[in-house]
Amino acid sequence: MNTALHYDLIIIGAGPAGMSAAIYASKNDMTVLVLDDQPAGGGQVYRHVMQNDAAEKKADFLGSDYWSGHKLADEFTRSSASLWPESRVWQITKEREVFFSQKGKAHRAQAGAILIATGAMERPMPITGWTLPGVMTIGAAQTMLKTSHSGVDGALFAGSGPLFYLTIWQYLNAGFDIKAVIDTAPGKMSLLHYFWALPALLQPSMLIKGLKWRSEIRRKTHYISGATAVSISGDSQAEALSFTDASGKQHRLEAEHIFLHQGVVPSINLTMATELEHRWCLRQLCWHPKTDIFGESSVQQIFVAGDGMGIGGAAAAISSGKIAAMRITAKARGTSSLNAVFQMVRQVQKMAIRPFLDYAFKPADEWLVPPDENAIICRCESLTKTDITKAITLGVSGPNQLKSFSRAGMGRCQGRMCGLTIQKMIADHNSQSEDKTGYYRLRPPIRPLTVGELAALADDTPTS
Amino acid sequence: MFRPSTSQNNSITIYIDDEAIQAVAGESVAAILLKQGITAVHSAPDKAARGPYCMMGVCFDCMVECEDGRSEQACQLYAEEGMKVYLPVTKQTGART
Amino acid sequence: MTPQHHKDRVIIIGGGIQGCAAAYFLAKRGQTVTLLEKDNIARRASGVNAGGVRRLGRDLAEIPLSLAAMDIWNHLSDEIGDAAMAFHPSFYVKVAIDEAGHIAGMARAEALQQAGFQHEVWLDETEIRKRIPCLARNISAQNMAGGEISGGLVVEGDGWAIPWRIVHGFADAAARNGATITEHCHVESLKRQNNVWQIHTNSGDFEADIVVNCAGAWAAALARQSGEPDLPLTAYAPMLAVTERRPQILNAVMGILGHTLSLKQLDTGQFVIGGGVRADADIHQNEAGLSIPELATSMYRAAQLFPDIAHAKIIRCWSGIEGYMPDNLPVIGRGNQDGLVHGFGFSAHGFQLGPAVGEALADLVMGQQPRNSLAAFSPQRFSA
């Protein structure tokens, strides 16, 4: 066994929440280890920000929000927290042991406290043809802009949500031609939702920014709103996208590159495999780990911050990371957590727009479960809606039982791409809530590791 | 095909199915493939071609094979000089149950 | 037990392989039978075990039962129909990689011969390599203790099955023959009053003349609750790992003499790796532990036999909750009280035995003489 590493705080994820927590904790003399998938800090939202800066800000087209992350990433890089890049955490125990692999080697580390800041992933949009090569998520399109300053001309964009508009706006800035933008936002909210969305007025700059993106997209692209029944066709590559517009007219547009988006949801594989308690969020239609006001989960000394605890966006993530770090530091030192409570006031301000965004871009049912029986639901095992329906009608009580019935969720992605869809299908079939239906029983390793990497942890193997 | 909007420093050579490709050091293999116009990378159990979808390590549809026989997500594999990767779509393995 | 019970009500508690097989054989013989399962059919050890259908390496006392089970496995579609396709017969090999393994293997082969068993034989290295060409040439060059492969014990016709499908096959076949299968039915108390079992559950009360205790890891608690003497069962969570799909290199189920490993490659190309590694289990919380690092030795052994496996990615690990007896032999037989039959404590090697145990339990319930002696499995062996 490799010599175990010991840290006061181990942070998983070097996005806005993880970086801000690392900065605060290391400044306050905590020993901090940060583990992240990527070669440098930034997370998805500020991805590649340090490398882009080193290349003399060639990526101005990404906009000021992106570049605001540079200050944070720079401060993180200069902090005493140690970042182990390209590290994939595959198990956390309740005793706060962290197991991870880096470049083909498995390691174990012991922490006084753990902060899970693994952020969000895009909500799967399982429409017909979404598995065809050439179909990617809007986040993937944005990643290509951030890390490679690359895009495609003549692509189609279908979906809705803040990240959708932002990325298209960035695409335009970078000078790529866009074939069409097919907006699936329903465009209508109930009066009650308008009421609950009122706090958004506390963040007028955010609202204005969003309206600006949208109006620019309307002006500069072939923009169709109120689209339904979106599907993609192609033989071994995306060839065309079909949809029905708000007036009921059907369209077919040809493109080899199609970008989809239906909002983001917390990445729950690590929090669930660590057996933290979760609750179903009706407003965001996803699972949130249960935490106290500081982000401490149902397991003592394991904290969650950022989008991984519920979608709040980058600014809220920075704040929640800091709150968690303040609390963790205060607990370690036996001092007061009052500063964390003050920080929370700012946190609430930064979340003000969230209910509005959640209601305005709530995905319609057809994006959650495809109406087409032949649409693939489980990408890893190539299982269609028919396959899943067949298994459900055998009488399953939840997604976990469906696994053995159908193999759904048993592939490499460990349910990330099918979990929410299957949960909803079972909930609908059994006429029960998502909460009651439950999710897959996620178990470590939450990231694949090789047999060889694990074998190297065998106790009687001499370490070289 | 994905094209860069800025000038790129293609300082290294990697090999995709033994074909030499000039690439930016540290760029993800998935990004390199996309800039080569390669969208089909992996093959699903039903033999259908799959390619980079999420670019952030969650979908596992951009699996490539490394020289030592290990499979990696191309979007999580960062290019180094001389790296060799093979695309499973060109050599399908495993039968579907 | 007295003969007048033959046509009476039978309740089986536990929907694993033993309970479902017993339900099937009882129903097939026209017995009125109800099976109560607290979760889902095959939810625990029976559904999530490694699926080894193995006569190899069994305790001498278990061999007759294991051979009888194999007869059923070999004609399984006659019993459970299409679900039998989930059984993939090939052969089972336990290779010797060091001197201790070699000596133990040879001695085992010798002992079996003397006992008159022909199914498990020693093959030398050449024969083994002929059967499994991808086996590593030289395993001594690696870090961990080991030497040359010198041969191994082989059983032709052993293989693997998708356990979940087999158990469901028995449950469905039982239901087709008239058995009632009730899931999510948790037995809260079991008491015998006026020669009738009173069974109180979360979904109603039941009465039975005969109760068959196939409650696996929960069986000793159930027995005790019903008024039986304590049975020394311990619950653990045996762990397994499965890899991504890889090119086919292994057509046998493999182990190593003297070392913990169970290795097979499914028809999908995925490797299933485990073998004797277990985490803690909590029968009250239904919690099976899982500690990936504990699987490291099995991984090491698998890669030792097939170096290419070292590059395979583990995509999933799991564990089930199983009941273990101190002598690693199951408990199969009549309880101390009238109308109670036990079939549990299979100590993580009961899956292959299931069909024969089901038959034996049916015999016990119906007051018939089981075709194999169950003396070694007597529940009373612990109370001496």
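Now for a description of the structure that goes with this document. Numbering of residues starts from 1 in every chain and runs along the sequence as written. The naming scheme follows written order: chains are lettered A onward, ligands numbered 1 onward. Given that the model is predicted, a residue must reach a pLDDT of at least 70 before its local features are reported, and side-chain atom pairs must reach 80 or more before they are shown or counted; all residues, however, enter totals for whole chains, interfaces and linings. Side-chain measures here rest on the full set of heavy atoms in the structure, leaving out hydrogens and waters.

## Side note on the packing of helix H4 (residues 138–148) of chain A against helix H5 (residues 162–173) of chain A
Residues and elements named next belong to chain A. For clarity, the threshold we go by: For every element, the axis is a line fit to its C-alpha atoms; helices are fit only across the contacting stretch, and the angle between N-to-C directions ranges from 0 to 180 degrees. Helix and strand definitions here come from DSSP, where helices need a minimum of 4 consecutive H or I residues and strands a minimum of 2 consecutive E residues; each element is numbered from the N-terminal end. Two helices cross in a left-handed way if the nearer one is turned anticlockwise from the farther one by less than a right angle. They cross in a right-handed way if the turn is clockwise. Contacts: residue pairs with any heavy atoms within 4.5 Å of one another.
Packing of H4 against H5 leaves a shortest axis separation of 10 Å and a crossing angle of 35 degrees. Along this stretch, H4 crosses H5, giving a crossing that reads as left-handed. Where H4 approaches H5, its residues Ile138, Gly139, Ala141, Gln142 and Leu145 are matched on the opposing element by Leu163, Phe164, Leu166, Thr167, Ile168, Gln170 and Tyr171.

## Some remarks on helix H10 (residues 338–350) of chain A
For the record, the criterion: Working rule for helices: expected span equals 1.5 Å times residues minus one.
With 13 residues, H10 of chain A extends 19 Å from end C-alpha to end C-alpha; this agrees with the ideal 18 Å at 1.5 Å per step. As for H10 of chain A, its buried residues are in contact with helix H9 (314–333) of chain A.

## Quick word on the interface of chain B and chain A
Note the following rule: Here, a salt bridge means any Lys or Arg side-chain nitrogen found within 4 Å of an Asp or Glu carboxyl oxygen. The definition of a polar contact used here is a pair of N or O atoms within 3.5 Å, where within protein one atom must be able to donate a hydrogen and the other to accept one, and adjacent residues in sequence count solely through side-chain atom pairs. When residues are sorted by character, Ala, Val, Leu, Ile, Met, Phe, Trp, Tyr, Cys and Pro go into the nonpolar class, Asp, Glu, Lys and Arg into the charged class, and all the rest, Gly among them, into the polar class. Strand pairing is assigned whenever DSSP detects at least two bridges linking the two strands.
Between chain B and chain A, the residue contacts involve 41 residues of the former and 53 residues of the latter. Inspection of the chain B/chain A interface yields 3 salt bridges. Put simply, lysine 103 of chain A and glutamate 80 of chain B hold a salt bridge, and the shortest N to O gap is 3.8 Å. Taken together, the connections running from chain B to chain A amount to 17 residue pairs in polar contact (both at pLDDT 80 or more). Among the elements of the structure, strand S1 (3–4), helix H1 (29–35), strand S5 (49–50) and strand S7 (71–73) of chain B are those that each provide at least two residues to the side of chain B that touches chain A. Here the side of chain B that touches chain A is built from residues that sort into 20 nonpolar, 11 polar and 10 charged. Pairing between strand S9 (residues 150–151) of chain A and S1 of chain B: 2 bridges, direction antiparallel. By the bridge assignment, serine 150 of chain A is partnered in S1 of chain B with proline 4 of chain B.

## As for the pairing of strand S6 (residues 105–116) of chain A
All names here are of chain A. The cut-off we apply is this: Whether a residue is buried, partly exposed or exposed follows from its accessible area with a 1.4 Å probe, protein chains only, as a fraction of its type maximum: under 20%, in between, or over 50%, in that order.
S6 sits mainly inside the fold: 9 of its 12 residues count as buried. The hairpin formed by strand S5 (residues 97–102) and S6 contains 2 residues between the paired strands, and lysine 103 there has a positive phi angle of roughly 45 degrees. Pairing analysis gives 3 bridges linking S6 to strand S20 (residues 302–304), with the strands arranged parallel. Bridge assignment links isoleucine 114 to a residue of S20, and that residue is isoleucine 302.

## Here's the deal with the state of the cysteines
Put simply, the test is: Throughout, a disulfide means two cysteine sulfur atoms within 2.5 Å of one another.
As enumerated under the stated definition, the model contains 0 disulfides over all chains in all. Cysteine 62 of chain B supplies the cysteine sulfur nearest to cysteine 75 of chain B, a cysteine that is in no disulfide, at a spacing of 3.9 Å. Cysteine 75 of chain B gets classed as buried once you look at its relative accessible area, which sits at 1%. Among the cysteines around cysteine 214 of chain C, which has no disulfide bond, cysteine 20 of chain C carries the closest sulfur, lying 8.9 Å off.

## A look at the pairing of strand S10 (residues 155–160) of chain A
Residues in a regular strand point their side chains to alternate faces of the sheet. All names here are of chain A. Quick reminder of the rule: Every crossover in which the path from the first strand over the helix to the second runs clockwise, viewed with the strands pointing away from the viewer, is termed right-handed.
Across the 6 residues that make up S10, a large majority, 6, are buried. Burial along S10 is two-sided: Ala155, Phe157 and Gly159 and Leu156, Ala158 and Ser160, pointing in opposite directions, are all buried. Bridge count between S10 and strand S11 (residues 178–183): 5 bridges; the pairing is parallel. The residue of S11 that forms the bridge with alanine 158 is isoleucine 182. In terms of handedness, the path from S10 via H5 over to S11 forms a crossover that is right-handed. Taken together, the 5 bridges between S10 and strand S16 (residues 258–262) define a ladder with parallel strand orientation. Considered in S16, the bridge of alanine 158 is made with leucine 260.

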